[in-house]
Amino acid sequence: MLQQKTMKTGLVVALGFLLSASVGAQEIPPAEVASVGPLKISSWELREVLLDPPHRELQEDGTARLRSWGYQLTVRAETFPVRALDPQVHLDEHVLVHYEWCNDESTSCIVYTFWDPEILRSERRFTVIYAGDERTRTVLPKPFDPERLVRLPDDVRRTEGIPELEGGRLEMLGPDRWTGSLRLKAPATARLAWRVGDGWRIDASPLARDEVGRFEVPAPSFDGPVQAVALLRLPAGAAVPARLTGAWPKGWEVLDRKSVPARDR
Amino acid sequence: MLASLSRSVLTALILALLGSSGRAAENPRLELLDDRLEPVSALTAGDSLVVTVDGLEAARGYELTLLDGNGTIHGFVRAATDAKGRLGPELIWYHSGITGTDPAGDGVPGPGFRDREEAERHLLATSWELELRRVATRAGVSASGQLVAGWDLPVRRAESPRFSVTDFQGRLRSSFEVGREAVYLEADGIAPGMPLEVWIVADRSSWKSGDLLENVTDVRRTFSATTGRIGPIWSAGQQRVGRYDVVVRPAPARRLENRLRDVDIVLYGLDAGLVIRPALTSLASAQRHVALSGRVLSEYPFFEHRSIFLRGGVIAAAVDPSDLRQSGSPDATVFRWAAIHVVEDKNPIEWLADPTLNDVTEVVEIRPVKFGTLEVNSGPVWSNPEPAPAGPNGYDVVIDLGARPLGGPPQFDGQYTAGIDILDGAIVAGLRVLDDPSQPGPFPVGRARYDFPDAADLAYGAFADRNVDIRAVVAYPGETAGEDVPMSPGKERFPLVVILHGNHAICNVGSGCSSNCAPSNRIPNHEGYDYLLDLWASHGFIAVSADGFDVTCKNNRYLERGAVILEHLKRWDKWNQPFFIDGTFNGRFRARVEMRNIALIGHSRGGEGAVAAQIINQNVDLGWDIRCVVAIAPTDQNTSNPPGGGPRSFVLGDTPFFNMMGSSDGDVTNMQGARLFDRAAPGGQKADKSQVFIYGANHNSWNTIWIDPSWNFGGDDGVGIDRISDEKQQLAAKVYITAWLKAWCMGEQDLLAIHQNRLHVPELDGVRSYWSYEATDHLDVDDFQNGPADPSTNSLGGVVTVAPPPEDFLESSFRPGAYDGSFYHDTLGLILGWRQATFYETEVPVAQQDVSAFSHLALRVAIIHDVDKNPVLGAGRLEVNLEDGAGRRQSVELGSEAFDPIPYPYPHPGTSWKTMLSSVRVPLRSFRQDGSDLDLTQIRKIVIRLPKTGLFAIDDIQFTR
């Protein structure tokens, strides 16, 4: 069993943005959710945790890697049936497999521990499914929201080398101005895309932002009203067409997307 | 059906009035069949006479005699009825007695009618009668028993046009010495100038519209016909030895059409139309030792020779002319009287010492047989084999060849005469009769249990579980039946089998997963296999079902499950040791356990645990002698490094492995066991492996506790169509697993015939079990594993060609999610989709062309759901053809009743379609039998003929045993 030592402080800081420089640990209540599917999921919460003793992860080559911190996703449901197959959490194509019961006496709460920050992107769809059994597929109607990450205090995070999450958020300041925040690791780039008619118009240049990741851009003028705006993460070297219809190219990710109300178009 | 004569009515009445000393009442009903086994109302002059009689006493001997108005016997047969009281079909009279004047072209006149006209005149000029008599004695060959019934036999003229095979002189002939003279065709009653096309094809007894016609002469022959001689149809220089049928097609199309049409005429039906025999040599003194026993098939090749049978299953015999040719063939064109005996097995010395034939069956069958065609000399010889006990040494089958005095019944000497009579079983027994392995064995069942709470700290696995309970229930061969009775007396040791259950609630209160659950509330998951434990104990196993309480209701823990099994083995090793002070059983099992003969079994996660136990055992060299492993609906989810190294996804090496899964599994819906099977026995670590995929079987019903409502944690199991009952599912487990255990732990490898889909327990009729079986000894022609993917070359380096180019032709992964998402394997294979008749040819390089040491051609096949390419949602068929170095070819049809079925995917509500490869194992004898002359020492290519449209998955094309 993984042992967790969650750092709790009384300091609660209202965050303006997930990706603004965070200053301390926080308490965020578990997200009450409405789920679509048979598992009747009632809530989830996501935390950065310290692991004491460190988790010893054996590699395929037989060497061991010690993990002193991790992310823990706790999911609560009416019950998780005890089966040969495991309940798995899918965040788009990423799958969390390793789980533990929250305690010995209950089958209504499971916790997944993982280490890969790449999984935690906004807009990803959150699904619970017993491996391969579509009858159990239970989907949360809202995309995953890393804003609900319960972070460790900054000094602990610095000591442990816990990375900031990549991601971004968009806000409309008015019909013709958009702002937001963005945190990216090189060599990825970000661009804004504007939904006009049946296609997306993609900014010709990468999105510029200040030292804390904030940006503010005017809406370009197009030959029709803008219906929606998307903040995109593009892999390095991606070819960027001026206009795109159909699916996003492989490797592109939508970090955030906002619709433009009809009155503002 | 014919109306009985008044005499037969009277006979039946008298019999009914007299009563028959407790026998079931007989109500005989005769049916006449033509020589294509279609019902007819009268015998057509020139046709063979075939009959069935229903309404008779079961498993009893009867005689049928054909007499003319003068009381002369023309036809005779003696045989036993089957379990339903049915006699036949029995062939009583060949070709209405027409033999021609010189049927073999050797100057020996035929004993029968000269031609059809003569036969017709004689048949229509007299009356004919069939008599049915009850055989008075079981083994006697000349006694006439009590009359049961008699029938008039109506006769009618043959319809026009009629065709005959003749020699240059126009003499009716069906046998020619190869290369000596041309074969001619004559016609009677034909419209002048009618265009005809003539095909000479490999002999078979039954044809239906659409059957493939392969012209062995390689020349298309068309004629403009007149009555009388039509022309030569096979010149002397082009003839090949073999048995053939002649097909005449009136008004052929300009374009070649190689399928049998409704209007085509096949000469002689059941019998061979034409025999091309080797130059006559003096083989008469050779020993005639050939395979005889087997089962009759309703489709080509019409007979499967085999030597293993289940108690109560019908045993038939047939002489394959391909075999007999090598050991001195009697003349193939003239019928001989044969008395067919099944006797206790004798070795050659015993046969010399005592050649007497002491038949053990219901009756000594007597039939007129011709050895030119396999089908016309085949028939049941033991309708209801009930040896008690099943003969350990088996039985031999002997055909005693006799003579018939003019107009009288046939006569036999009742002895095996080497060089004349035909023997199956000269060196090893010709056949063996096995007991259904699901029936209890000879030992009374003792029961015991042990319980050591918090007794073990698990030595293997990532979770380092401590204070693990070691608890089990045990069934063992007892002196008597009962709890804690002494072991069966004697010094015999018994093999040990340990089974482990899977993941499930462990507590009947609260969440179901409390490891602090009070003993009284615990769910006894391990007691759900009592029905298996008792059976195995009765067969001589010490059978242990372990409680995995402390590794259940927790995630992962596959190595830990293996570690639990190994903890049990340690304890059994101690109880077996001579000087161990045994406070648990007080020495009951001391020196009575075969600790070098162990089988491991697991269900669900326990199945993966059983595999893990053997992986650990081998990796860290624990020294347990695990003879086989069985996984029931197992998982394949381990993500921890096994101790001693090796992949996390277990690869079971040189241990025989059996995986059993149900298509309606509502838990392991992604059939993870298929991956364990595919990875098992890799190159260099060969072992036999078997897999059965049972349509309609679920996950939980293998364990009676898991389906017991009182334990209330059944879950959402058992989904999809065509569900089978819990009882059938558990019976399948009893049959299949017990056969595997006895094969590998008790040396009863004959039982592997169940896993090779050659033996069927009647109680499982209707249960669709799709098998995959791979024997250690095989030659991979193409396993499709070689990278990079290249469908144009097989694993032997031979060229693969497909023509015309198919729509889908790719080597693909069959792993979950690959291709159309319907696969659950861990292998690569071939996807083949086509929309017109297509040939897939894979060449065998010269160095590997001698496949005569193998017994089967095997491949794994599955249909892929596709409403366009596979519009019929049912079993599929493919034709497979072997071609030898001389260009000789022979085809069989995969998916027919003669071979294993090719499964259509199962529609599972949780995962959509399930495409599961299934083995089709074709005996190489099927390509050789009935005189095909195919040379198995130089097989040049395997050709798969693909019909109009289809989408199939193919893997593991191999020659095997």
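Not measured: the values here are computed from a predicted model.

A look at the overall build of chain B
Part 1 of the reasoning: A count of helices and strands for chain B gives 11 helices and 52 strands.
Part 2 of the reasoning: Each of the three principal axes of chain B carries a C-alpha extent, and together these read 95 × 70 × 50 Å.
Part 3 of the reasoning: Burial status across chain B gives 52% buried among its 961 residues.
Part 4 of the reasoning: Restricting the contact set of chain B to residue pairs at least 6 apart, pairs at least 24 apart contribute 74%.

Focus on the sheet that holds strand β13 (residues 177–183) of chain A
Residue and element names in this part refer to chain A.
Part 1 of the reasoning: Spatially, 3 strands are ordered β12-β13-β16 in an open sheet, and the strand pairing comes out antiparallel. At either end of the open sheet lies a strand with only one pairing partner, and these are β12 (167–174) and β16 (214–218). Looking at each pair of strands side by side, their axes are set apart by 20° on average, direction ignored.

Considerations on helix α7 (residues 605–619) of chain B
Part 1 of the reasoning: A rise of 1.5 Å per residue sets the reference length of α7 of chain B, with its 15 residues, at 21 Å; its end C-alpha atoms lie 20 Å apart and thus fit the reference within 8%.
Part 2 of the reasoning: Immediately downstream of α7 of chain B, the backbone of Asp621 of chain B shows phi near 55°, a positive value.

Examining the domain arrangement of chain B
Residues and elements named next belong to chain B.
Part 1 of the reasoning: The domain architecture assigned to chain B consists of domain 1 (6–156), domain 2 (175–267), domain 3 (293–434), domain 4 (445–774) and domain 5 (778–960).
Part 2 of the reasoning: Listed by partner, the interface residues are 6 residues for domain 2 and 9 residues for domain 3.
Part 3 of the reasoning: A class-by-class count of the residues in the side of domain 2 that touches domain 3 yields no nonpolar, 3 polar and 3 charged.

Structural notes on the confidence of the model for chain A
Residues and elements named next belong to chain A.
Part 1 of the reasoning: Taken over all residues, the pLDDT of chain A has a mean of 81, while the share at 70 or more is 87%.
Part 2 of the reasoning: At the low end of the mean pLDDT range in chain A sits strand β1 (residues 4–5), at 36; at the high end sits strand β15 (residues 199–202), at 94.
Part 3 of the reasoning: Ignoring residues within four places in sequence, the model shows residues 1–25, a span with pLDDT below 50, making 57 contacts including any to other chains.

Side note on the interface of chain A and chain B
Part 1 of the reasoning: Taken residue by residue, the interface counts 21 residues in chain A and 29 residues in chain B.
Part 2 of the reasoning: When residues in the side of chain A that touches chain B are grouped by element, the largest group, 3 residues, is from strand β7 (residues 99–101) of chain A.
Part 3 of the reasoning: Across the side of chain A that touches chain B, the residue classes break down as 8 nonpolar, 5 polar and 8 charged.

Structural notes on the sheet that holds strand β14 (residues 189–196) of chain A
Residues and elements named next belong to chain A.
Part 1 of the reasoning: Spatially, 5 strands are ordered β18-β15-β14-β17-β19 in an open sheet, and the strand pairing comes out antiparallel. Single-partner strands in this sheet number two, and they are β18 (243–244) and β19 (253–259).
Part 2 of the reasoning: Summarising the sheet, β15 and β18 pair through 2 bridges and their orientation is antiparallel. From the neighbouring strand, Arg201 faces β18, where its bridge partner is Arg243.

Brief notes about the pairing of strand β8 (residues 128–134) of chain B
For a regular strand, side-chain orientation follows a simple rule: the groups alternate between the two sheet faces.
Residue and element names in this part refer to chain B.
Part 1 of the reasoning: The pairing of strand β5 (residues 61–68) with β8 spans 7 bridges and is classified as antiparallel. Within β8, the position partnered with Leu67 by the bridge is Glu129.
Part 2 of the reasoning: Bridge count for β8 against strand β9 (residues 147–152) is 5 bridges, and the pairing is antiparallel. Opposite Glu131, over in β9, you have Gly150 as the bridge partner.

The rules behind these values
Residues numbered from 1 in each chain as written. Chains lettered and ligands numbered in written order. Predicted model: local features only at pLDDT ≥ 70, side-chain atom pairs only at ≥ 80, totals over all residues. Helix = DSSP H or I, 4+ residues; strand = E, 2+ residues; numbered from the N terminus. Buried ≥ 20, exposed ≤ 12 C-beta atoms within 10 Å, placed from the backbone. Contact = placed C-beta atoms within 7 Å. Pairing = 2+ DSSP bridges. Axes fitted to C-alpha atoms, helices over the stretch in contact; angles between N-to-C directions. Expected span 1.5 Å × (residues − 1). Domains from an automatic or database assignment. Nonpolar A, V, L, I, M, F, W, Y, C, P; charged D, E, K, R; others polar. pLDDT = per-residue confidence, 0-100.

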